[in-house]
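Listed here are the chains, written in short residue letters.
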Number of protein chains: 2
Amino acid sequence: MEVDEVVCLPKLSRVAVCGGTHGNELSGVYLVRELVKVDKKAVEKKAEEEEPASVLMVLSNPRAIQQGQRYVDTDLNRCFTHAILNGPMLDTAPYEMIRSRELNGMLGPKGSPEAVDLVCDLHNTTANMGLCLIAYSDCDWICLHIFRHLQRQMSGIPLRYIHFDVSNKESYSLDSVGKHGFAMEIGPQPHSVVRSNIYTAMKLGVQHMLDWVRSFNSGRIFEGGFVDVFTMVKHIDYPRDSETQNITAAIHPQLQDRDFCLLHPGDPLFQTFSGETLTYKGHQPLYPFFINECAYYEKGIALSLARRKRVMVPAIRVQTEQEQRANEPRYTSEEEE
Amino acid sequence: MEVDEVVCLPKLSRVAVCGGTHGNELSGVYLVRELVKVDKKAVEKKAEEEEPASVLMVLSNPRAIQQGQRYVDTDLNRCFTHAILNGPMLDTAPYEMIRSRELNGMLGPKGSPEAVDLVCDLHNTTANMGLCLIAYSDCDWICLHIFRHLQRQMSGIPLRYIHFDVSNKESYSLDSVGKHGFAMEIGPQPHSVVRSNIYTAMKLGVQHMLDWVRSFNSGRIFEGGFVDVFTMVKHIDYPRDSETQNITAAIHPQLQDRDFCLLHPGDPLFQTFSGETLTYKGHQPLYPFFINECAYYEKGIALSLARRKRVMVPAIRVQTEQEQRANEPRYTSEEEE
């Protein structure tokens, strides 16, 4: 691809902003409720001059929100694989498996031309991760341009782009239902707590994202450039007692809160409850993230490790109506770039 | 009382260290498990030279710990009033009401001569409170001397003494079962997470507390001095929607994490989800604490406010065996000072 080539992509007519996919991640819950309240006034105000997009606000897991829990029966944000969405459904299915199909009906069907153009799913973490966009692609120019826009617009909070290298079929999270999609993950915030600074960062992130979508739809050309992408390589579990499976150590104080600071072989990783230091035994330096995320104790993840690479993002603009008509079959796949 | 008078108090023969009274406050859970493991070795090591105390380690709410929740049916740490411990018990009683009677049998009965001498109940908070001892008395010289000892021994974490002015009969928490007792509350730590720095501070706090008890029992005289005591005055709830009862604001970013920093009338208190600042309308400056504690959303507490006063703590020593025999009836009351 030539550096000065402008990639033309379909219009983003329908955008979904989802909160409460995990019922105890409160910034997204309160932000979606707030956006619903002001929907008719503030959010659409900018649409006067620029091309509007229809914005759907969704509280993804109302029962879990009601109970103040991450989930009722099982993690909703692992229920959007093709297998779960399209397999047989028993009467005794967990609530979240039923709910994932409802959401797939509203926002999808996943992988189909009817799916919404963009899903932004709001999450909080107890890890010191700042604001991260987490996506399944390192070449989804829409997601990467939105990320670049947030980088330009937002100060006071570090921003990163995380890539989970999983196929569309195996992808499991709500944001995979849209033609484009990402989780907007912000921390540190304890679950079942809302902190003003984290709430405000999320609110700004969503506002800037919607601004960008309207600007894109209105025909503006966005220049290309580089983005640092953190691709997940592996997870590391806590040391555990072989009999009870209870953890026997916590994240080392020198690693705690140092998400995205390069971890070298031999660096402190854990401190056992008796006070011993355990070091990182890997063979290469990698970037830790999701360090000491509350909800991942049960998943056997103390932290995740990523490799960083620089991705060249091309200039993009929206397709003209004529181009869009000519390209319509491409809608059925996510590989339009 | 003369300044140079030495108050003689009964020996502290039996001490209970309790963790997991709230099942998702993990420092205490892992610390009690660790102390049980090393009980026969490290904890009693110091006992060779000094007068030993029998130390009972208790996991208070095993079912809640197992489930990773604060409680199963109701907050265990509100189930130790005389009314709940001594009232009629239905078969359908909440689990924690049954468990509070079991614990009262193990560590009490509350208010009786058979009760353990000291209960140290381990807690975590999401608030930025450092290490606090929370007690029902501002003149329990044992608790106040232990606090002074921790102040002398521990650096790197702020220490405060909080006083809830509630009668022994109405006192509701596990630590009220002992002749002396306090909650050791440490934060900030998200619930269902363990952070090494918080765990280590708790471990040191417990070790220094037990060191002090052994030293006291061995006959050492502890000099008097002053302690700043924060007496709880009132709680403030979040602004709420009158219909849904959902909160409509979070703690203001200028107040968040500023526990024990004097709050003046007119200071920012909340930031609404639409971005408005709400100020403190009180008539006097007070000290905020438990700012944005996760578990208190459901109790209608956004923060608590305290008045600070300076308490003169007298010199103390343990009673001789002869003094103790002469004073034995005083055991039945907590007002032996």
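Keep in mind that what you see is a predicted model, and the values were worked out from it rather than measured.

1. What to know about the sheet that holds strand E8 (residues 225–236) of chain B
Residues and elements named next belong to chain B.
Phase 1: The mixed open sheet is built from nine strands, whose spatial order is E3-E2-E4-E7-E5-E6-E8-E13-E12. Bordering the open sheet on either side are strand E3 (54–59) and strand E12 (287–289), each of which pairs with just one other strand. Averaged over all pairs of adjacent strands, the angle between their axes in this sheet comes to 30°, without regard to strand direction.
Phase 2: Pairing of strand E4 (residues 118–124) with strand E7 (residues 180–187) involves seven bridges; the strand directions are parallel. Each residue of the ladder has a partner; that of Cys120, found in E7, is Phe182.
Phase 3: Running at roughly 170° to E3, helix H4 (residues 95–107) makes contact with strand E2 (14–19) and E3 of the sheet.
Phase 4: This element, helix H5 (residues 141–153), spans E4, strand E5 (130–135), strand E6 (159–163), E7, E8 and strand E13 (303–313) of the sheet and lies at about 165° to E6.

2. Brief notes about the UniProt feature "binding site: Zn(2+)" (unreviewed entry) in chain A
All names here are of chain A.
Phase 1: Taking the UniProt record as the reference, the feature "binding site: Zn(2+)" (unreviewed entry) is found at His22, Glu25 and His123. The greatest C-alpha distance among the residues just named is 7.4 Å, despite their covering 102 residues of sequence, which places them together in space.
Phase 2: For Glu25, the location among the structural elements is in the loop between strand E2 (14–19) and helix H1 (26–43).
Phase 3: By relative accessible area, Glu25 is classed as buried at 3%.
Phase 4: Dropping the residues within four chain positions of it, Glu25 is found in contact with Arg70, His123, Asn124 and His191.
Phase 5: Tracing the backbone through its elements, the reader meets His123 in strand E4 (residues 118–124).
Phase 6: Take His123: its relative accessible area is 3%, and that puts it in the buried class.

3. Here we look at the sheet that holds strand E13 (residues 303–313) of chain A
All names here are of chain A.
Phase 1: Spatially, nine strands are ordered E3-E2-E4-E7-E5-E6-E8-E13-E12 in an open sheet, and the strand pairing comes out mixed. The strands lining the two open edges of the sheet, one partner per strand, are strand E3 (54–59) and strand E12 (287–289). Averaged over neighbouring strand pairs, the angle between their axes works out to 30° when direction is ignored.
Phase 2: Strand direction decides the pairing type here: strand E5 (residues 130–135) and strand E7 (residues 180–187), joined by five bridges, are antiparallel. Looking at E7, one finds that Ile134 is bridged to Ala183.
Phase 3: Sheet strands in contact with helix H4 (residues 95–107) are E2 and E3, and its direction is about 170° off that of E3.

4. Focus on the UniProt feature "domain: AstE/AspA barrel-sandwich hybrid" (unreviewed entry) in chain A
Phase 1: The positions UniProt marks with the feature "domain: AstE/AspA barrel-sandwich hybrid" (unreviewed entry) are residues 227–307 of chain A.
Phase 2: Spanning residues 227–307 of chain A, this segment combines 0% helix with 36% strand, and its end C-alpha atoms are found 13 Å apart.

The rules behind these values
Residues numbered from 1 in each chain as written. Chains lettered and ligands numbered in written order. Predicted model: local features only at pLDDT ≥ 70, side-chain atom pairs only at ≥ 80, totals over all residues. Heavy atoms only, no water. Pairing = 2+ DSSP bridges. Helix = DSSP H or I, 4+ residues; strand = E, 2+ residues; numbered from the N terminus. Axes fitted to C-alpha atoms, helices over the stretch in contact; angles between N-to-C directions. Contact = heavy atoms within 4.5 Å. UniProt positions renumbered as here; feature names shortened; annotations may be inferred. Buried < 20%, exposed > 50% of the residue type's maximum accessible area, 1.4 Å probe, protein only.

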